[in-house]
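# Fold and geometry: a report
Okay, here's what each chain looks like letter by letter:
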Amino acid sequence: MNIDKKIADDLVANDISFVTTVPCKQLAGVIEEVDQRDDIFHIPSNKEDEGMGLCAGAWMGGKRPAIIMQNTAIGVTINTLATLTQFYRMPLPMLISYRGELREPVACQVEMAVHTKALLAQLNIPTYHFHKQSDVEEFDNILKYTFMCNKPVAILTDANFWGGYGDQ
Amino acid sequence: MIRSEILREIAPILRDQLVVCNIGIPSQELHAIDDQPSNFYMLGTMGLASSIGLGLALAQPKTVIVIDGDGSVLTNLGTLPTIGNNAPNNYILMIIDNGSYGSTGDQPTYTGMKTDLAGMARAAGSDNVVEVQDVDTGKALQEAIDAGKPTVMVVKCDSGNAKMPVITMDPVIIRDRFMKAVAS
Ligand SMILES: Cc1ncc(C[n+]2csc(CCOP(=O)(O)OP(=O)(O)O)c2C)c(N)n1
Ligand SMILES: [Mg+2]
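Residues numbered from 1 in each chain as written. Chains lettered and ligands numbered in written order. Predicted model: local features only at pLDDT ≥ 70, side-chain atom pairs only at ≥ 80, totals over all residues. Heavy atoms only, no water.

## Some details on the site of ligand 1
All names here are of chain B. Stated precisely, the cut-off is as follows: Here a residue is near a molecule or strand as soon as one of its heavy atoms is found within 4 Å of it. Polar contacts here mean pairs of N or O atoms no more than 3.5 Å apart (in protein, one a potential hydrogen donor and the other a potential acceptor; neighbouring residues in sequence count only if both atoms are side-chain atoms). All accessible areas in this document rest on Shrake-Rupley with a 1.4 Å probe, and a residue is counted as covered only by the protein chains that are shown. Put simply, DSSP marks the helices as runs of H or I at least four residues long and the strands as runs of E at least two long, and each gets a number from the N terminus on. The nonpolar class holds Ala, Val, Leu, Ile, Met, Phe, Trp, Tyr, Cys and Pro. Asp, Glu, Lys and Arg form the charged class, and all remaining residues, Gly among them, are polar.
Close contacts around ligand 1 come from 15 residues, with Arg3, Gly71, Ser72, Ser100 and Gly102 the closest. The separation between an oxygen atom of ligand 1 and a polar side-chain atom of Asp70 is 2.9 Å. Within the backbone of Ser100, an N or O atom sits 2.8 Å from an oxygen atom of ligand 1. For ligand 1, whose free accessible area comes to 590 Å², the fraction covered by protein is 73%. Those elements giving two or more residues to the shell around ligand 1 turn out to be α4 (70-75) and β5 (100-101). By residue number, the principal contributor to the shell around ligand 1 is α4, which donates 3 residues. For the shell around ligand 1, the per-class residue count stands at 4 nonpolar, 9 polar and 2 charged.

Written as structure tokens, this is what we have:
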């Protein structure tokens, strides 16, 4: 299975046509896949809170958005998640690379990894953790759930899910 | 002129447009002067008005006017390259540049010193950047709407706030009536 393609297919099948991204090495393949899809407008953002603002506007304009980012960005976006996405009750699927988990080569990444789930839990954000490739089968249902409940929803995807890192 | 005097003057132009309004006193002033369902008031999240407006303009064809502030643009400077490279023809970013953080007591920002937001917007890729003096705002805004091109306006005005009540409307109501205005 090509998980990058499967994720992009599920986005399109759920009518998600506006995707913003800030790269992570783990996410390079899925970002490239999203960029190539005609059914998705891909707009890179410079910071993840900016990206969440773009998504809020796109949703109010009638498009279903998503953000693709690294888990370190939870540290960047807490205010936005609380005072924009949650306060105005907006849906936002967040596909998040979960750096600093098993098979991580960069020690600094562990420093935010240990806070990631605690911060998401503190924010009452529904959180899913993809560890095995087959976990991607839940992605479609998670997207449906997100637009059912109008909440930000986190999908943490660790190194094992992506099949390791190569050199980084 | 101070921001509230500008808003009062351009209210008849804003009334028929989708407006995304900056956090704090700017939203309180617009709400008090001319509340409309087509106004999206930001109650928090300093800095993201320009981004919300950009997402909205990209998602649908109606003109979107963002009323932003110098302090808020400075805190989300990454927005300028995103606007410079992606803004569609229905996007107008109007930065009320009073050289201060008005809502929090008029503390000076760097735009009242050496920093030039219009120059930064141009350097970030925006082709239509207009610098406007407060008294000319209405004329310049109407021209930007009529031009149908992505525009960044930097409106130079005095620092100061009108005393207006806090917005107590529920955020979901603000958002819901705004979405209905967008879709209508
Ligand atoms: C993260 C964050 N820091 C600080 C504030 C406090 N704050 C609210 S509005 C504001 C000033 C905004 O200034 P500007 O965008 O220039 O608007 P003005 O009121 O001057 O029109 C500040 C500092 C905040 N809401 N959020
Ligand atoms: Mg200001």
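## Observations concerning helix α3 (residues 48-60) of chain A
Residue and element names in this part refer to chain A. We count it as follows: Residue count minus one, scaled by 1.5 Å, sets the expected span of a helix. Think of it in three bands: with a 1.4 Å probe and only protein chains considered, a residue is buried below 20% of the maximum accessible area for its type, exposed above 50%, and partly exposed in between.
Across its 13 residues, α3 extends 19 Å between first and last C-alpha, which sits within 8% of the 18 Å expected from 1.5 Å per residue. Judged by how many residues are buried, α3 sits mostly within the fold: 13 of 13 residues are covered. A positive phi of about 100° marks Gly62, the residue just after α3.

## What to know about the coordination of the magnesium ion (ligand 2)
Angles between donor atoms at a metal ideally measure 109.5 degrees for a four-coordinate tetrahedral arrangement and either 90 or 180 degrees for a six-coordinate octahedral one. Residue and element names in this part refer to chain B. Spelled out, the test is: Note that water is not among the atoms used; donors are N, O and S atoms within 2.8 Å of the metal (3.2 Å for Na, K and Ca), so sites may look incomplete.
At 2.1 Å from the magnesium ion (ligand 2) lie its protein donor atoms, namely Asp70 (OD), Asn98 (OD1) and Ser100 (O). Read in sequence order, the donor residues coordinating the magnesium ion (ligand 2) give the pattern D-x27-N-x1-S. Taken together, the positions of Asp70 in helix α4 and Asn98 in the loop between β4 (91-97) and β5 put the pair 28 residues apart, joining distant regions of the chain. There is no split in this pair, since Asp70 and Asn98 are both buried.

## Things to note about the environment of Ser27(B)
Residue and element names in this part refer to chain B. Basically, it comes down to this: Should any heavy atoms of two residues lie within 4.5 Å, those residues are counted as being in contact.
Considering the arrangement of structural elements, one finds Ser27 in helix α2 (residues 25-34). On a C-alpha basis, the gap between Ser27 and Ile52 in space is 15 Å, while along the polypeptide they are 25 residues apart. Leaving out residues up to four positions away in the same chain, Ser27 has contacts with Cys21, Asn22, Tyr41, Met42 and Ile167.

## Some thoughts on the environment of Asn22(B)
Residue and element names in this part refer to chain B. Tracing the sequence through the fold places Asn22 in the loop between β1 (18-21) and α2. Looking at Asn22, the relative accessible area reads 5%, which means it is buried. Each C-alpha atom, one on Asn22 and one on Ala49, is 5.6 Å from the other, the two residues being 27 residues apart in sequence. In contact with Asn22, other than residues within four places in its own chain, are Ser27, Met42, Ala49, Ile67, Asp68, Gly69 and Ser72. In terms of polar contacts, Asn22 uses its side chain to reach the side chain of Ser72, at 3.0 Å.

## Description of the pattern of salt bridges
A side chain with one charge may pair with a side chain of the opposite charge, provided their charged atoms come close. Residue and element names in this part refer to chain A. What counts, and what does not: In the sections that follow, a salt bridge refers to a side-chain nitrogen of Lys or Arg positioned within 4 Å of a carboxyl oxygen of Asp or Glu.
Applying the stated criterion across every chain, the model contains 13 salt bridges over all chains. Of the charged contacts in the structure, one is a salt bridge between Asp10 and Lys6, with a shortest N-O distance of 2.9 Å. Here Asp10 and its partner Lys6 are both found in helix α1 (residues 3-13), 4 residues apart, which amounts to about one turn of the helix. A relative accessible area of 22% means that Lys6 is categorised as partly exposed. Arg37 is the salt-bridge partner of Glu33, the closest N and O atoms lying 2.9 Å from each other. Taken individually, Glu33 and Arg37 each receive the classification buried, so the pair is uniform in this respect.

## A closer look at the confidence of the model for chain B
Using the following cut-off: Per-residue confidence from the predictor is reported as pLDDT, which spans 0 to 100.
With 100% of its residues at a pLDDT of 70 or more, chain B has an overall mean of 98. Across the predicted assembly, pTM comes out at 0.98 and ipTM at 0.98.

## Points about the side chain of Asn90(B)
Residue and element names in this part refer to chain B. By the secondary structure assignment, Asn90 is in the loop between α5 (79-86) and β4. Within the local environment of Asn90, its side chain forms a polar contact with the backbone oxygen of Ala57, the two atoms lying 3.0 Å apart. A distance of 2.9 Å separates a polar side-chain atom of Asn90 from the backbone oxygen of Lys62. Setting aside anything within four residues of it in sequence, one finds Asn90 in contact with Ala57, Gln60, Pro61, Lys62, Thr63 and Val64.

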